[in-house]
Amino acid sequence: MSRNMGASAPSNARKVVVPLVTTIVTIAVWWFVVHVGFVPNFLLPGPDQAVMAFVEDAPLLAEHAATTLAEAALGLALGTLVGFVIAVLMDRFETLYLAINPIITVSQTIPTIAIAPLLVLWFGYGLVPKVLLIVLTTFFPITVSLVGGFRSVDPDVVDLMRTMNASNWQIFVHAKLPLALEPFFSGLRISATYAIVGAVVAEWLGGFSGLGVYMTRVRKSFSYDKMFAVITLISVLSLALMKGIDVLARVCMPWTRQKGKES
Amino acid sequence: MTPATDDAALRAEGLTLSWDGGETIVARNVNLAVRRGETLCLVGKSGCGKTTILHALSGLTTPMEGRVLVHGKDVTGKPGSVSYMLQKDMLLPHLRVIDNVALPLTLGGTPRSEARDKAANLFERFGLAGTELEWPSQLSGGMRQRAAFLRTYLMGNDVVLLDEPFSALDALTRVDLRNWWLQISCELGIASLIITHDVDEAVSLSSSVLVLKGRPAEGVPSSIVGEVSIPRNVEGDFSLTHEYVDCKRQVLDLLG
């Protein structure tokens, strides 16, 4: 009896406590190896040093973070739009799907770090190359998830709507698009993290402001405590963006919050 | 076969149907007629082409030969003249129950509020009162099926095709819903053609059972091999009578 109870789904408290304890233990181990001297402090600053650096540079970090967030938001918005349009066209025209599906897939095998210098070369150090890089990295998860969502719609739903004299547009608006929302938000979640990373990578290669620029400067001055502070900030921003998308998904899909009944 | 009569709401004449663009003949020379207020059942084993026939009758596919008439008008290959309820309820998870059932009206151009009002007036009659603003995931299997019936009714046609509408329900709900459908289709004067592989269901529901037989996947096209008329003027519980058993035996004999 007790064994069965033990195998049941984790309680809400456990879901919070277990990852929290893991995080605390990780930070404690990190602090320990640095302060006991297993790793030289000039190679790896302790967590307390990273926090101090963060507090010290907070106003400057906020300024750079605003630039990075603006680039990421603009790039993500455009990437989502481009990804959506491509997905709709691929779903509507089978020939187009067959024609561009391999090209889109291959485009994602090219490392971001390899494209970024070219974009800087072609478009300079301004906003354009950064936004372009983010668009290139974020449209793909959107396109793939949406095309998958459109294609996974039960053909019987389409047949049923055809018996109601629904046009292709009505089938798209009333069935395909809402039914593809769940995969779309999964794709958007991935794209959001790519957007922040894309912005930082683009800023590495040139620019006047942004977390990537800050990162390059502190690396050159061997301020690794500040490196860890900015790395943590980038992670927090990505997580916050993902959380924001989760909230947006819940608002846009209220039906997913309901529990089913037995027949 | 069903005799040709002028008062048929739905008539199929010499339908020949195929799969794979004509490579496999599924059914040959299918003739049937359903009158207003009548329920006809088409029974056959799994894979004999029942759903293919229903697809052709609904206009979703065009037969190789033959034609489909609704109230005498040729509607072959033209969806929209008959209402079709598929095997699964196909309620859209993102629409509230009232918007799901009002979907045929909305698609036809009726403003949303007007479509909702029209649908809401029928909720009580279809046993759905109080579920208007719920999501489909909040309904039980039986209630979902009732909602699908109402949506089918709101398609606005007096000819309804039902593809194994009760197969996904538990035994008790199935019997309840069958009796309810029999009553409501009579009241509303709906001509319905139901396909099923459940002989008991066919004999309980219909005024006539058509038996489809064949093995299209093995190269033997299906055809209607017989029709059993079901007497409806029997007193008491029909399912406990000799007539019921006799009808069931005839259907089973035809099925082989």
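Because the structure is predicted, anything quoted here is derived from the model rather than measured. (Residues numbered from 1 in each chain as written. Chains lettered and ligands numbered in written order. Predicted model: local features only at pLDDT ≥ 70, side-chain atom pairs only at ≥ 80, totals over all residues. Heavy atoms only, no water.)

What about the pattern of salt bridges?
Overall, the coordinates contain 18 salt bridges over all chains when judged by the stated rule. Arg 35 of chain B is paired through a salt bridge with Glu 38 of chain B; the nearest N and O atoms lie 3.5 Å apart. Classification of Glu 38 of chain B as buried rests on a relative accessible area of 13%. The salt bridge partner of Asp 89 of chain B is Arg 144 of chain B, with a shortest N-O separation of 2.8 Å. Here Asp 89 of chain B is found in the loop between β6 (83–85) and α2 (97–101), whereas its partner Arg 144 of chain B is found in helix α5 (residues 141–153), with 55 residues between them in sequence. Under the relative-accessibility criterion, Asp 89 of chain B is labelled buried at 13%. One connected set of salt bridges, linked through shared partners, spans Asp 154 and Asp 156 of chain A together with Lys 88 of chain B. (Salt bridge = Lys/Arg side-chain N within 4 Å of Asp/Glu carboxyl O. Buried < 20%, exposed > 50% of the residue type's maximum accessible area, 1.4 Å probe, protein only. Helix = DSSP H or I, 4+ residues; strand = E, 2+ residues; numbered from the N terminus.)

Some details on the domain arrangement of chain A
Residues and elements named next belong to chain A. By domain assignment, chain A separates into domain 1 (9–40) and domain 2 (45–254). Spacing between the C-alpha centres of domain 1 and domain 2 amounts to 30 Å. Contacts between domain 1 and domain 2 engage five residues on the former and six residues on the latter. Summed over both sides, the interface between domain 1 and domain 2 buries roughly 440 Å², with carbon and sulfur atoms accounting for 74% of that surface. Interface area lost by domain 1 to domain 2 is led by Trp 30, Trp 31 and His 35, which between them contribute 76%. Viewed at the interface, domain 2 and domain 1 are joined by zero salt bridges. Linking domain 1 to domain 2 there are two residue pairs in polar contact (both at pLDDT 80 or more). A class-by-class count of the residues in the side of domain 1 that touches domain 2 yields four nonpolar, one polar and no charged. (Domains from an automatic or database assignment. Contact = heavy atoms within 4.5 Å. Buried area = accessible area lost by both parts, 1.4 Å probe. Polar contact = N/O pair within 3.5 Å; in protein donor to acceptor, adjacent residues only side chain to side chain. Nonpolar A, V, L, I, M, F, W, Y, C, P; charged D, E, K, R; others polar.)

Topic: the domain arrangement of chain B
Residue and element names in this part refer to chain B. Here chain B is partitioned into domain 1 (1–82 + 158–256) and domain 2 (89–156). Distance from the C-alpha centre of domain 1 to the C-alpha centre of domain 2: 25 Å. With 14 residues of domain 1 at the interface, the matching set in domain 2 holds 10 residues. The contact between domain 1 and domain 2 buries some 1100 Å² in all, and 73% of this surface belongs to carbon and sulfur atoms. Three residues, Leu 177, Trp 180 and Leu 188, lead the burial of domain 1 against domain 2; their summed loss comes to 42% of the area buried on that side.

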